[in-house]
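Inside the fold
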Amino acid sequence: MLTSDIRRSFLKFFQHHGHELLESSSVTPQNDPSLLFANAGMVQFKNVFLGLETRGYKRAVTAQKCIRAGGKHNDLDQVGFTARHHTFFEMLGNFSFGDYFKEEAIDFAWCFLTKELGLSRDRLLVTVFHLDEVAKQVWEKVAPGVMIIPISTTDNFWSMGDVGPCGPCSEIFYDLGDDVAGGMPGTPEESGDRYMEIWNIVFMQFEQKKNGEREPLGKQSIDTGMGLERIASIMQGKKDNYLIDLFENIMERIKRISATDYENTYPSYKVIADHIRSISFLIADGVVPSNEGRGYVLRRILRRAMRHGSLICIEKPFLFDLSNVLVDVMKDAYPELEKARAVIASTILREEENFLETLERGLKILQADAKTIPFGGILNGEKAFKLYDTYGFPLDLTQDILKSENISVDTAGFEKSLQEQQSRSKWTGSGETKEEEIWHALREKLECAEFCGYEKVEDRSDILVIVQNSVEISSLSAGKAFLVTRSTPFYAECGGQCGDTGLLETSTGVFRVINTLKFCDAVVAHEGELISGNLKIHDEAHLKIDYARRQKIMANHTATHLLQAALRSALGDHVVQRGSSLNENRLRLDFSHGSAISPDNLLKIEAMVNEWIFQNLDVVSKTMPKNDAIAAGAMALFGEKYSDFVRTVRVGNGESFELCGGTHVSATGKIGVFKILSEASIGSGIRRIEALTGRKALEYFEEIEESINKLSEKLKCGKSEVVLKVDDLLGKLKQKNHEISIYKQNFALEKMQVTAKNGLTICSLTVSDFSVDELRSLNDVIRSKDPSAIVIILGQNDDKISLLVSVGKDLQNRYNAGQILKVGLGPLNGNGGGSAALAQGGGTKKSGISSAMECMHDAIYAI
């Protein structure tokens with residue numbers, strides 16, 4: 001039975017039993033800053049289980065993409081060395097929110113395993129929490145004769161945290177046979193692989209209180225999870241998850257590009273096959289490699305996979321190509337992979353190329369350090385951190401490399417150095433704000449406010465809720481607060497577009513709206529301050545947005561769409577939006593692209609946008625089914641989830657066509673003009689453009705014009721001649737600097753001391769205010785006059801002392817510039833290095849200059 005068949009069978013089985021089929025949520029949880037990644041199927045239902053949210057269904061079924069590679073749940077170190085561990089896996093789950101409970105949940109699981117999949121009941125056994133007599137009785141009824149093992153540990157009691165929903169659980173195990181080592185659950189030998197857990201059923205029936213007591217939940221719920229890879233290994237008769245069909249094509253591709261024996265290097269194959277899945281899904285869900293948070297974990301996984309590639313003799317980028325195999329294997333179940341195929345491959349390739357440049361240098365340093373450490377010794381934590389900080393070696397990669405030499409790493413020293421340098425790699429949360437419970441409560445009792453701002457700039461509506469200091473109140477007499485109305489023309493901050501501002505007036509008071517926000521994807525709240533009178537719930541209010549501001553925002557939003565279209569036209573279809581921010585003053589677009597955009601291309605992109613503006617193209621918005629919109633060519637925001645019906649924005653004849661819920665101008669001519677301010681990198685493979693439109697662009701042009709006028713006056717030339725005049729002045733300045741440099745060299749050479757002894761000549765001098773380049777140039781002049789000499793130059797520049805040593809070619813078999821340099825750096829408290837021919841360094845101890853020169857002379861003549 002293919003893995004895809006098992007997934008499909010599971011979902012259809014529970015759909016048939018009244019469960020709502022839902023898509024997997026993103027691997028990066030929304031509105032839960034505490035979670036690094038989605039690590040279980042219940043993550044997207046967390047607020048439902050907590051009672052903060054209700055849905056339009058009481059039963060659900062999902063195939064959830066999960067990652068356990070950081071934070072509380074981290075299987076990264078185990079991958080490759082066991083048959084079961086993965087950083088990426090699929091969790092099949094069925095859920096009940098106050099609907100069915102133990103009997104139905106157990107019956108569903110048993111029926112699916114024994115009837116739908118046809119597993120032998122003789123190979124199945126179950127565990128229950130030792131105090132859960134009800135679950136035990138249900139099992140005896142549903143599966144007479146099945147072995148039931150009571151477990152008294154927390155392995156069979158689940159809790160969401162220190163407080164909140166909790167309850168006993170029942171696990172179903174499969175006996176792989178007596179040819180596999182391991183004992184039954186609950187026995188000392190249970191750590192073996194013989195009895196494999198395949199399904200966990202959590203009975204959420206209590207609420208854990210702060211005082212340690214547990215109270216029955218008002219709505220008892222069910223949370224289950226079955227690892228797809230595990231059940232597939234059983235159905236396909238494999239003792240190792242990595243031998244199932246999902247991995248076949250990936251493994252075959254690795255075999256083709258590796259020159260090693262598969263049997264002897266199997267752990268590395270497993271690491272690579274697992275990691276390419278995590279890597280691809282993380283990038284597809286919008287994570288980019290970086291040195292912090294989720295991006296840091298992605299980079300760690302990438303580099304660990306690259307390291308294992310080198311262990312099986314793959315010395316060139318290969319993961320980017322392997323990602324295409326992964327996409328082909330899983331795109332039917334997860335269409336987002338196909339949409340992100342090009343971005344996944346380009347992001348990986350860029351990381352591989354960057355890492356391979358530093359890997360070789362870092363490996364040489366690590367290997368050199370390892371040679372100085374006895375077998376079973378410890379690598380200094382500071383050195384491990386330098387490998388991380390300078391050469392991109394995560395700690396686990398260093399540990400992995402040293403494992404074969406039985407050398408461990410001083411992790412405490414590493415952590416100390418890491419904390420001193422930065423704390424970015426430690427997960428402290430996503431940075432998102434966890435929405436307060438009051439908004440979840442309001443979501444349950446309020447209908448989603450009707451947004452009429454597409455058609456109206458003002459409206460009348462009742463005040464439904466007033467929230468001040470996180471407390472719902474009935475009237476407002478002073479201060480800041482949030483107001484919720486039945487309908488509103490105010491656009492709530494979303495999709496990169498800022499929230500509207502304006503006024504809300506009643507017969508008794510005036511409220512200034514400084515921002516509009518949406519909580520829990522439903523509750524639109526007007527944030528602001530009462531500026532006169534008072535307000536009460538149920539008052540009818542006149543809501544009026546600041547339309548002049550909105551017009552500027554709309555111009556910037558439509559211009560952002562045009563900018564993305566122009567980028568894709570000029571650079572390629574790999575360009576996709578990775579974030580945006582726009583308000584009345586400027587717009588910002590983050591997008592995927594691997595290198596800086598040339599000035600010529602930037603001008604081309606800017607001209608393209610302006611041409612569309614000058615054509616005054618129609619901008620048409622339309623609501624339609626999501627699948628129809630995608631089929632028609634509408635672009636979706638990268639990694640975003642959409643509802644079944646979406647709003648589309650089309651410019652002209654399709655110059656731009658995107659899914660977008662924001663507000664836009666009715667024709668491009670209303671944008672006025674478009675001007676790019678800057679283009680820069682903000683992360684691996686991510687670029688950012690900031691730009692202006694309309695009056696703000698005009699103000700920018702006026703500032704530039706004023707600067708050119710001032711330059712024209714100072715240079716005493718026409719505005720059109722400013723560049724020529726500056727070029728002329730720069731040429732003259734360059735000539736003068738060259739003349740000054742020649743003068744400085746000649747002046748310094750007059751003070752040069754030349755000593756000759758035993759046929760050896762040493763040219764030494766001390767200079768001031770020479771740059772490093774000038775020191776090198778001075779050395780070249782001296783060497784051109786005496787190619788066989790040893791040259792020593794000491795330079796003083798403020799508090800810094802520079803030292804340069806060079807040795808003639810015919811003397812290098814006896815004298816080494818780098819060794820001579822080290823002698824001189826001692827009295828200077830300096831550091832540096834170089835080759836036998838040329839070495840440079842620097843120090844700070846001025847009082848050591850004469851001693852340094854003397855020591856170097858003595859050392860040279862002593863050889």
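Just so you know, these numbers come straight off a predicted model, no measurement behind them. The numbering scheme is per chain: residues are counted from 1 as the chain's sequence reads. Where totals are concerned, whole chains, interfaces and linings use all residues; where local detail is concerned, this predicted model gives features only for residues with pLDDT of at least 70, and gives and counts side-chain atom pairs only at 80 or more. The side-chain numbers reported here are obtained from all heavy atoms of the structure, hydrogens and water having been left aside.

Some details on the overall build of the chain
Runs of H or I in DSSP of at least four residues are treated as helices and runs of E of at least two as strands, each being numbered from the N terminus. When helices and strands are counted, the chain shows 23 helices and 37 strands. Expressed along its principal axes, the backbone C-alpha trace of the chain runs to roughly 105 × 80 × 55 Å. Residue burial is assigned from relative accessible area. The probe radius is 1.4 Å, only protein chains are included, and a residue is buried under 20% of its type maximum, exposed over 50%, and partly exposed in between. Taking all 863 residues of the chain together, 51% fall into the buried category. Only the protein chains shown count as cover for residues, and the accessible areas themselves come from Shrake-Rupley with a 1.4 Å probe. For the chain, the exposed area adds up to about 40300 Å²; of that, 48% sits on carbon and sulfur atoms. When charges are counted, Lys and Arg contribute as positive and Asp and Glu as negative, whereas His and the chain ends are disregarded. Note that the charge is assigned to NZ on lysines, CZ on arginines, CG on aspartates and CD on glutamates. Within the chain, the 117 negative side-chain charges are centred at a point lying 4 Å from the centre of the 100 positive side-chain charges.

Observations regarding a nonpolar patch on the surface
For patches, a residue must show more than 30% relative accessible area and have no salt bridge; joins then use 9 Å for like charges and 5 Å for nonpolar side chains, namely Val, Leu, Ile, Met, Phe, Trp and Tyr. We count a salt bridge whenever a side-chain nitrogen from Lys or Arg sits within 4 Å of a carboxyl oxygen from Asp or Glu. A surface patch of nonpolar side chains, amounting to about 250 Å² of accessible area, comprises V726, L730 and L733. Structurally, V726 is set in helix α20 (residues 722–750). On the accessibility criterion, V726 (30% relative accessible area) is partly exposed.

A few points about the sheet that holds strand β37 (residues 838–843)
Strand order in the open sheet formed by six strands is β32-β33-β34-β35-β37-β36, and the pairing between neighbours is mixed. Each edge of the open sheet is held by one strand with a lone partner, namely β32 (753–757) and β36 (831–834). Recorded for the sheet is a direction-independent mean angle of 15° between the axes of neighbouring strands. On the sheet, helix α23 (residues 849–862) packs against β32, β33 (760–768), β34 (790–797) and β35 (800–807) and is oriented at approximately 165° with respect to β33. For two strands to be treated as a pair, DSSP must find no fewer than two bridges joining them. Here an angle of 0 to 180 degrees is reported between the N-to-C directions of two axes, which are lines fitted to C-alpha atoms, with helices fitted over the stretch in contact. Any pair of residues with heavy atoms lying within 4.5 Å of one another is described as a contacting pair.

Details of the side chain of Q205
With respect to the helices and strands, the residue Q205 is situated in strand β10 (residues 195–208). The residues contacting Q205, other than those within four sequence positions of it, are F101, K102, C166, G167, P168, E215, P216, L217 and Q220.

Looking at the nonpolar core
Here the nonpolar core consists of buried residues drawn from Ala, Val, Leu, Ile, Met, Phe, Trp, Tyr and Cys, with membership extended through side-chain atoms lying within 4.5 Å. Core analysis: the biggest nonpolar cluster contains 116 residues, and L113, I172, I198, W199, I201, I231 and L319 have the highest contact counts within it. Within the second largest apolar cluster, 35 residues are counted, among which are I553, A565, A570 and L617.

Notes on the pattern of salt bridges
Applying the stated criterion across every chain, the model contains 41 salt bridges. A salt bridge links K65 to D285, with the shortest nitrogen-to-oxygen separation between them at 3.3 Å. Of this pair, K65 sits in strand β2 (residues 59–67) while D285 sits in the loop between α7 (266–284) and α8 (293–311), and the two are 220 residues apart along the sequence. For D285, a relative accessible area of 9% translates into the label buried. Shared partners join several salt bridges into a network, and the residues in it are D328, K331, E338 and R341.

Comments concerning the confidence of the model for the chain
Per-residue confidence for the chain gives a mean pLDDT of 90; residues scoring 70 or more make up 97%. A low-confidence stretch, residues 422–428 stays under pLDDT 50, and its non-local contacts, those more than four residues away or across chains, total 15 contacts. Confidence of the prediction at every residue is given by pLDDT, a number between 0 and 100.

Concerning the environment of M204
Positionally, M204 belongs in strand β10. It is 7.5 Å that separates the C-alpha atoms of M204 and D223, two residues lying 19 residues apart in sequence. If we ignore the near neighbours within four places in the chain, the residues touching M204 are F49, F101, W158, P165, C166, L217, K219, Q220, S221 and D223.

What about empty space enclosed by the protein?
The definitions used throughout rest on a 1 Å grid laid over the protein atoms alone, on which a cavity is an enclosed set of points accommodating a 1.4 Å probe that cannot get out and a pocket is an open set flanked by protein within 12 Å on both sides along at least five of seven lines; lining residues are those having an atom within 4 Å of a point. Grid points are joined across faces, edges and corners, and a volume is the space filled by probe spheres set on the points. Counted by the stated rule, this structure contains one cavity of 30 Å³ or more. For the largest cavity, the calculated volume is near 50 Å³. What lines the largest cavity is M306, S310, I314, E315, K316, P317, F318, E352, L356 and L359. Of all elements in the fold, only α8 and α11 (341–371) reach the threshold of two or more residues within the lining of the largest cavity. For the lining of the largest cavity, the element with the most residues is α11, which contributes three residues. Three residue categories are used. Nonpolar comprises Ala, Val, Leu, Ile, Met, Phe, Trp, Tyr, Cys and Pro, charged comprises Asp, Glu, Lys and Arg, and polar comprises the others, including Gly. Of the residues that constitute the lining of the largest cavity, the class distribution is six nonpolar, one polar and three charged.

Comments concerning the pairing of strand β28 (residues 645–651)
Two elements, strand β27 (residues 619–625) and β28, share seven bridges in a ladder whose sense is antiparallel. Bridging from a neighbouring strand, M624 pairs with V646 of β28. Bridge count between β28 and strand β29 (residues 656–659): four bridges; the pairing is antiparallel. Following the sheet pairing, V649 is matched in β29 by E658.

Quick word on the sheet that holds β27
In space, the three strands of this open sheet follow the order β27-β28-β29, with antiparallel pairing throughout. Bordering the open sheet on either side are β27 and β29, each of which pairs with just one other strand. Averaged over all pairs of adjacent strands, the angle between strand axes in this sheet comes to 20°, irrespective of strand direction. In the packing of helix α16 (residues 547–571) onto the sheet, contacts are made with β27, β28 and β29, and the angle to β29 comes to roughly 115°.

A few points about the packing of α7 against α11
Where α7 contacts α11, the axes come no closer than 9 Å and their chain directions differ by 115°. Judged by the sense of rotation from one axis to the other, the crossing of α7 with α11 is right-handed. Residue-level inspection shows I276, I279, S280, I283 and A284 of α7 in contact with α11, the latter providing V343, I344, T347 and I348. In terms of residue class, the contact of α7 with α11 is built from seven nonpolar, two polar and no charged. Here a crossing is called left-handed whenever its near helix is offset anticlockwise from the far helix by less than a right angle, and right-handed whenever the offset is clockwise.

Some points on the environment of E679
Examined against the element boundaries, E679 turns out to sit in strand β30 (residues 674–683). Under the relative-accessibility criterion, E679 is labelled buried at 17%. Between the C-alpha atoms of E679 and N653, which are 26 residues apart in sequence, the distance is 28 Å. When residues no more than four places from it in sequence are discounted, the contact partners of E679 are S595, A596, I597, L602, R687, R688 and I689. A distance of 2.6 Å separates the side chain of E679 from the side chain of R687, its partner in a polar contact. Counted as a polar contact is a pair of N or O atoms within 3.5 Å, where, for protein atoms, one must be capable of donating a hydrogen and the other of accepting one, and residues adjacent in sequence contribute only when both atoms are in side chains.

Points about the packing of α16 against helix α17 (residues 599–614)
Viewed as axis vectors pointing N to C, α16 and α17 meet at an angle of 130°, and their least axial separation amounts to 9 Å. Relative to α17, the element α16 is oriented oblique. Handedness of the crossing formed by α16 with α17: right-handed. Between α16 and α17, the residues in contact are L562, L563, A565, A566, L567, S569, A570 and L571 and N601, I605, M608, V609, W612 and I613, respectively. Here the contact of α16 with α17 is built from residues that sort into 12 nonpolar, two polar and no charged. Comment on the angle field: the value is read as roughly parallel under 35 degrees, roughly antiparallel over 145, roughly perpendicular from 65 to 115, and oblique elsewhere.

Here we look at the side chain of T62
If you trace the backbone, T62 turns up in strand β2. With a relative accessible area of 0%, T62 lands in the buried category.

Description of the packing of aromatic side chains
Here is the rule: rings of Phe, Tyr and Trp (six-membered ring for Trp) pair when centre to centre is within 6.5 Å. Planes less than 30 degrees apart are stacked, more than 60 are edge-to-face, and the remainder are tilted. Applying the stated rule across the entire model yields 28 aromatic pairs. Both rings, one in F10 and one in F112, keep their centres 5.4 Å apart while their planes meet at 85°; by these two values the pair is edge-to-face. Here the residue F10 occupies a position in helix α1 (residues 3–16), and F112 occupies one in helix α3 (residues 102–116), the gap between them amounting to 102 residues. Considered together, F10 and F112 belong to a single accessibility category, that of buried residues. Ring centres 4.8 Å apart and planes at 50° place the aromatic pair F45 and F95 in the tilted group.

Re helix α6 (residues 245–257)
Along α6, the residues classified as buried are D245, L246, F247, I250, M251 and I254. The elements touched by buried residues of α6 are α1, β5 (88–97), α7 and α9 (319–330).

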